[in-house]
Amino acid sequence: MAEKNTNTNAEAPKKANFIHAQIDADLAAGKNDKRVHTRFPPEPNGYLHIGHAKSICLNFGLAQKYGGKTNLRFDDTNPSKEETEYVESIMEDVRWLGFDWEDRLFYASDNFPKLHAFAVKLIEEGKAYVDDQNAETISEQKGTPQKPGTESPFRNRSVQTNLDLFERMTMGEFNEGEKVLRAKIDMASPNMHMRDPIIYRIMKAEHHRTGNSWCVYPMYDFAHGQCDYWEGITHSICTLEFEVHRPLYDWFITQLMDSDYRPRQIEFSRLNLTYTVMSKRKLLELVKDNHVRGWDDPRMPTISGLRRRGYTPESIRNFSDKIGVTKVDGMTDVSLLEFSVRDHLNKIAQRVMGVLDPLKVVITNYPEDKEEILSAVNNPEDESMGRRDVPFSREVYIEQSDFMEDPPRKFFRLGPDREVRLRYGYLIKCNEVIKDENGKIVELHCTYDPESKGGKSSDGRKVKGVVHWLSAKHAVKSEVRLYDRLFTDEEPDAHKDVDFKEFMNPDSLKVLDNCYLEPFVKTAKALDHFQFERTGYFNLDPDSTPELPVFNRTVPLRDSWAKAQKK
RNA sequence: UGACCCAUGGUGUAAUUGGCAACACGUCUGAUUUUGGUUCAGAAGAGUCCAGGUUCGAGCCCUGGUGGGUCAACCA
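About the thresholds
Residues numbered from 1 in each chain as written. Chains lettered and ligands numbered in written order. Predicted model: local features only at pLDDT ≥ 70, side-chain atom pairs only at ≥ 80, totals over all residues. Heavy atoms only, no water. pLDDT = per-residue confidence, 0-100. Contact = heavy atoms within 4.5 Å. Near = heavy atom within 4 Å. Polar contact = N/O pair within 3.5 Å; in protein donor to acceptor, adjacent residues only side chain to side chain. Helix = DSSP H or I, 4+ residues; strand = E, 2+ residues; numbered from the N terminus. Nonpolar A, V, L, I, M, F, W, Y, C, P; charged D, E, K, R; others polar. Core = buried A, V, L, I, M, F, W, Y, C linked by side-chain atoms within 4.5 Å. Buried < 20%, exposed > 50% of the residue type's maximum accessible area, 1.4 Å probe, protein only. Salt bridge = Lys/Arg side-chain N within 4 Å of Asp/Glu carboxyl O. Pairing = 2+ DSSP bridges. Axes fitted to C-alpha atoms, helices over the stretch in contact; angles between N-to-C directions. Patch = residues over 30% accessible without salt bridge, like charges linked within 9 Å, V, L, I, M, F, W, Y side chains within 5 Å. Areas by Shrake-Rupley, 256 points an atom, 1.4 Å probe, with all protein chains shown as cover. Lys, Arg positive; Asp, Glu negative; His and termini not counted. Charge placed at Lys NZ, Arg CZ, Asp CG, Glu CD. Expected span 1.5 Å × (residues − 1). Right-handed = clockwise from strand over helix to strand, strands pointing away.

Caption draft 1: How the structure looks around the confidence of the model for chain A. Looking at chain A as a whole, its pLDDT mean stands at 95, while 98% of the residues score no less than 70. Of the regions scoring below 50 in pLDDT, residues 1-12 engages in five contacts with residues more than four places distant in sequence or in other chains.

Structure follows, in structure tokens:
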């Protein structure tokens, strides 16, 4: 018998990318004892977002593929921006995504003493000097990308003077901005980063880990490569904007190395997603100015926001695999992300009937006090999830949008004298439409076909429409939060003259407070995933109380009817 | 008036040492369906930024353009 290839995404081998090719070449050349050791190096100055997830999946994925290791390293060299709160959220998010750094948790700040000693060594070798000029002057002397810079008058101080001055900087003798330590490289280099870069600056700020023990802090360029080196990193993967830093990265490594081992920087393009922003600065602005409820607002592209929204780690990892890794600056359509989460939730989500916008239906030929228990499938994609009981009675709620008094062509839901099936229940026919004094439809009177239970009908007739419903007296009242994209523009931060906040979508959050759900949702735990049948995927928000469950809509179901209606 | 990087359907990516441009999302049909979901079957959509060159043969190699990105923080 021919076997069908049902290779799922989870099992499918990851597509090779250009980094794999480079690692393969390094391995073939026998570099670094054929080790592969990567690291994920966030600065703890904000919450992680979906772009970081791409980097996390890449770095940890590489280690998995090559039998190597991945470190988690906090790049905490700027005490003015960094906080312990961020450190904690980052660790939580990486773990939640499903990755484990085992015992390899590092901080750049762990290396402050070694970094300082290395700076002293450079001074001794005549490769670094203390500059007394202010930031503005130094900047002017840097020149422009087109024009070479000029040398600082302090460039040729004696080793002894530099040693003395740097020591006094370290002891806190000078104020912020009075002096900096610079590497002596090449003020005429076509690469701005090689024009005597600043490697240490005076900062009298409290560091979230080292407190007040330091008055001088290393710059990123003077810390990152060295940390890579000391941690034994072989492939230091970062985003494209660091490409021009690579010569400097290599320069410091050359000063440091004492064997054949040499880490190597490789750059890839960061993730851009439509209808959102992805810079920590802008996300922080949204949080600080209360445009959203916090870093974990379900509308945010942060890992914590996506988690609260109802995304699963699997769906994010899967998305990450799908988008691949290249050096092309692009813009990924958010529909790819939405596909990933639907795809996963379809397989795992418990089904439930939920009426978001209720319309009362009285089944006039159903006995007043009768109640029945109907049986519903928990997940048609997964038999092992079993079935559940759903109570049925004379008065039910259906969705307002499932009834039209004057239905258009191809509308196969309820209308006057039309018949639909109540999912898992009976066929009902609408006989009477009750309106209030304003003409608004407030209630429907229907009759049911007692022979139609369980998919049959008394005479074999079939109906096209199936609607979800809830027994009015059993239903649990809930709040439901519907989310839409945070911005109305595909690239809100791509407009030169308009602030990205001008494009914020005023309807990005819609709160429905008159929703009904099956009774069993009372037992749900925060973040549990559900599919509200015919509506979308939802999860239980931590804001829920025993009296009032609150649900977030993760993503709507695909809806070909709504799509057809738009045309 | 520089250095470095990038360019393949609408979007994201593939394409062994040069060998019929493939996959996914999205879009559109149709079938199945007690979710207008899922699943299944199928379709449309690029000739690979441009111009030369090498070659039997170029998305891939070479040359020159064009377009885009990054770099002039005591941020990372």
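Caption draft 2: Here's a closer look at the protein's contact with RNA strand B. The environment of RNA strand B is made up of 67 residues, and the closest members are Arg413, Gly455, Gln531, Arg534 and Lys563. At the protein interface, 64% of the atoms of RNA strand B within 4 Å belong to sugar or phosphate. In the environment of RNA strand B, a base nitrogen lies 2.9 Å from a nitrogen or oxygen atom belonging to the backbone of glycine 177. Among the elements of the structure, α5 (135-141), β6 (198-202), α11 (313-323), α12 (334-348) and α13 (560-566) are those that each provide at least two residues to the surface near RNA strand B. Examining the composition of the surface near RNA strand B, we find that four residues originate from one element, α12, more than from any other. A class-by-class count of the residues in the surface near RNA strand B yields 24 nonpolar, 20 polar and 23 charged.

Caption draft 3: Molecular detail of the nonpolar core. Counting residues in each nonpolar core, the largest one holds 34 residues, and the members touching the most others are Phe166, Leu181, Ile199, Tyr200, Phe222 and Phe252. When contributions to this core are tallied by element, the ones reaching two or more residues are α4 (112-124), β4 (128-131), α6 (159-170), β5 (180-183), β6, β7 (216-218), α7 (220-231) and α8 (246-256).

Caption draft 4: View of the pattern of salt bridges. Applying the stated criterion across every chain, the model contains 47 salt bridges. Note that aspartate 493 is salt-bridged to lysine 282, the shortest N-O span being 3.7 Å. Of this pair, aspartate 493 sits in the loop between β21 (476-483) and β22 (509-517) while lysine 282 sits in helix α9 (residues 280-288), and the two are 211 residues apart along the sequence. By relative accessible area, which is 15% here, lysine 282 ends up buried. For the salt bridge of glutamate 419 with arginine 461, the shortest nitrogen-to-oxygen distance reads 2.8 Å. Pair noted here: glutamate 419 is in strand β16 (residues 419-422) and arginine 461 is in the loop between β18 (441-448) and β19 (466-467), with a separation of 42 residues, a long-range link.

Caption draft 5: View of the sheet that holds strand β10 (residues 350-352). Within the open sheet, the seven strands sit side by side as β10-β23-β24-β25-β21-β22-β11. Their pairing is mixed. The sheet terminates laterally at β10 and β11 (354-355), the two strands that pair on one side only. Summarising the sheet, strand β23 (residues 529-532) and strand β24 (residues 536-540) pair through four bridges and their orientation is antiparallel. Of the residues in β24, the one forming a bridge with phenylalanine 530 is phenylalanine 538. Lying over the sheet, α12 contacts β10, β23, β24 and β25 (550-556), oriented at roughly 120° with respect to β25.

Caption draft 6: Highlighting unusual backbone geometry. One non-glycine residue, tyrosine 275, lies in positive phi territory at about 65°. Non-glycine residue leucine 527 carries a positive phi angle of around 80°. Here leucine 527 lies in the loop between β22 and β23. For leucine 527, a relative accessible area of 29% corresponds to the partly exposed category.

Caption draft 7: Representation of a positive patch on the surface in the model. There is a patch of like positive charges on the surface, built from Arg558, Lys563, Lys566 and Lys567. Along the chain, arginine 558 falls in the loop between β25 and α13. The exposure class assigned to arginine 558 is exposed, which follows from its relative accessible area of 70%.

Caption draft 8: Summary view of the environment of aspartate 103. Secondary-structure assignment places aspartate 103 in the loop between α3 (84-96) and β3 (105-107). Residue aspartate 103 is classed as exposed on the basis of its relative accessible area, which comes to 67%. Measuring from C-alpha to C-alpha, the distance between aspartate 103 and leucine 72 comes to 9.3 Å, with 31 residues separating the pair along the chain.

Caption draft 9: The arrangement of the sheet that holds β7 in detail. Strand order in this open sheet of four strands is β4-β5-β6-β7, and the pairing throughout is antiparallel. Two strands in the sheet have a free side with no partner beyond their single neighbour: β4 and β7. Across this sheet, the average inter-strand angle for adjacent strands is 20°, counted without regard to direction. As paired elements, β5 and β6 share three bridges and run antiparallel to each other. Residue arginine 182 lies in a different strand from β6, and its bridge partner there is isoleucine 198. In the packing of α6 onto the sheet, the strands contacted are β4, β5, β6 and β7, and the crossing angle to β4 comes to about 60°.

Caption draft 10: Structural view of helix α2 (residues 50-66). In this model α2 runs 24 Å from its N-terminal to its C-terminal C-alpha over 17 residues, within 8% of the 24 Å that 1.5 Å per residue would give. Buried residues dominate α2, accounting for 15 of its 17 residues. Directly beyond the C-terminal end of α2, a positive phi value near 65° is found at glycine 67.

Caption draft 11: Spotlight on the side chain of glutamate 479. Position of glutamate 479 among the secondary structure elements: in strand β21. For glutamate 479, a relative accessible area of 15% corresponds to the buried category. Among the polar contacts made by the side chain of glutamate 479, one reaches the side chain of arginine 481 at a distance of 2.8 Å. Dropping the residues within four chain positions of it, glutamate 479 is found in contact with Val511, Leu512, Asp513, Leu548, Pro549, Val550 and Phe551.

Caption draft 12: How the structure looks around the pairing of strand β8 (residues 235-239). Counting buried positions over the five residues of β8 gives five, a clear majority of the element. With five bridges joining them, β8 and strand β9 (residues 264-268) adopt parallel strand pairing. By the bridge assignment, serine 236 is partnered in β9 with glutamine 265. Considered for its hand, the β-α-β crossover made up of β8, α8 and β9 is right-handed.

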